[in-house]
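# Structural description and commentary
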Amino acid sequence: MPFQEIRLVAFDADDTLWVNEPAYQTIEKDLVDLLSHHIAPEIARKKLFAKNINNLELFGYGVKGFMLSMIETAIEIGQGKVTGAEIQQIISMGKEMLRNPVELLDGIEDVLHQLQGRYDLMLITKGDLVDQESKIARSGLANYFKHIEILSEKNEESYEKLLDKYQLPRNEFLMVGNSVKSDVLPVVNIGGKAVHIPFHTTWDHEHVEERHLKNKRFMELEHAKELLPLLLT
């Protein structure tokens with residue numbers, strides 16, 4: 001896949017620049033443990049996942065929406081027996097998650113440092129505005145990016161609007177991220193280029209069936225540092 005035409009390189013944030021999904025898995029386990037005297041763990045997980053997906057349209061992506069989904073799940077599972085103290089414990093879990101330190105992925109800052117100046121760099125993430133802004137600030141990476149965009153959703157329409165905003169031709173745009181669903185397919189479908197760098201764990205909502213990848217041209221790398229010989233030569 002040639003990158004000679006690329007002028008702007010965009011990076012996803014969560015699980016591309018820094019660790020994110022494991023924190024959700026931890027808080028999910030904490031909730032399941034909290035509700036274990038009401039329901040079997042696997043059923044609790046399925047109910048939470050369904051509630052969270054159903055609430056995305058109202059709450060969007062992020063810790064605060066997830067926390068509300070956890071509270072709703074607990075109330076439904078407990079059938080009125082969940083105590084105020086247990087609800088407060090769920091809220092405390094969410095607050096702790098919002099304060100967690102940002103753990104950069106290994107080598108990512110060096111990659112950004114080497115690409116900066118050679119390309120315009122953009123950070124494109126989705127989720128709660130306050131939460132994402134906080135993580136970006138705490139990451140220490142903001143100065144590497146010429147543009148930072150926080151979207152409510154990553155789909156073809158949102159990428160089209162973004163590229164129109166910056167008057168950037170599709171063939172000059174490269175998106176780098178860990179999610180095939182959010183970072184790769186929408187970009188490829190509008191004529192841009194994409195690189196998939198899988199994270200070791202992925203939210204179930206972001207999984208894509210193999211049949212949807214047929215005839216989709218994108219590159220998959222193991223680590224962001226593998227971008228350097230592709231983009232700097």
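Details of the structure are given in the entry above.
To start, this report covers the structure provided alongside it. Source: prediction; values computed, not measured.

What counts, and at which threshold
Residues numbered from 1 in each chain as written. Predicted model: local features only at pLDDT ≥ 70, side-chain atom pairs only at ≥ 80, totals over all residues. Heavy atoms only, no water. Buried < 20%, exposed > 50% of the residue type's maximum accessible area, 1.4 Å probe, protein only. Helix = DSSP H or I, 4+ residues; strand = E, 2+ residues; numbered from the N terminus. Pairing = 2+ DSSP bridges. Right-handed = clockwise from strand over helix to strand, strands pointing away. Polar contact = N/O pair within 3.5 Å; in protein donor to acceptor, adjacent residues only side chain to side chain. Contact = heavy atoms within 4.5 Å. Axes fitted to C-alpha atoms, helices over the stretch in contact; angles between N-to-C directions. Parallel < 35°, antiparallel > 145°, perpendicular 65-115°, else oblique. Left-handed = near helix turned anticlockwise from the far one by under 90°. Core = buried A, V, L, I, M, F, W, Y, C linked by side-chain atoms within 4.5 Å.

With that settled, consider the pairing of strand β3 (residues 147-151). Walk down a regular strand and you will see the side chains alternate between the two sheet faces. Going residue by residue along β3, you find His 147, Glu 149 and Leu 151 tucked away on one face and Ile 148 and Ile 150 left uncovered on the opposite face. As paired strands, strand β2 (residues 120-126) and β3 are joined by 5 bridges and run parallel to one another. Bridging across to β3, Thr 125 finds its partner in Ile 150. Crossover β2 to β3 through helix α6 (residues 129-139) is right-handed.

To continue, consider the side chain of Glu 86. Looking at the secondary structure, you find Glu 86 in helix α4 (residues 84-99). A distance of 2.9 Å separates a polar side-chain atom of Glu 86 from the backbone nitrogen of Thr 83. Not counting chain neighbours up to four residues away, the residues in contact with Glu 86 comprise Leu 34, His 37 and Lys 81.

Where helix α3 (residues 63-78) contacts α4, the two axes come as close as 10 Å, and the packing angle between them is 160 degrees. With respect to α4, the axis of α3 lies roughly antiparallel. In the crossing of α3 with α4, the sense of the turn from one axis to the other is right-handed. Mapping the contact onto sequence places Val 63, Lys 64, Met 67, Met 70, Ile 71, Ala 74 and Ile 75 in α3 and Ile 87, Ile 90, Ile 91, Gly 94, Lys 95, Met 97 and Leu 98 in α4.

This next bit is on the nonpolar core. Counting 28 residues, the largest nonpolar core has Val 9, Phe 11, Leu 17, Phe 145, Val 195 and Leu 227 as its most contacted members. Among the elements that line this core, the one with the most residues is helix α5 (residues 108-115), at 4 residues. If sequence neighbours within four positions are ignored, Val 195 has contacts with Phe 3, Leu 174, Met 175, Val 176, Gly 177, Val 184, Met 219, Leu 221 and Leu 227. Among the nonpolar cores identified, the runner-up in size contains 21 residues, and Tyr 24, Leu 35, Phe 66 and Met 97 belong to it.

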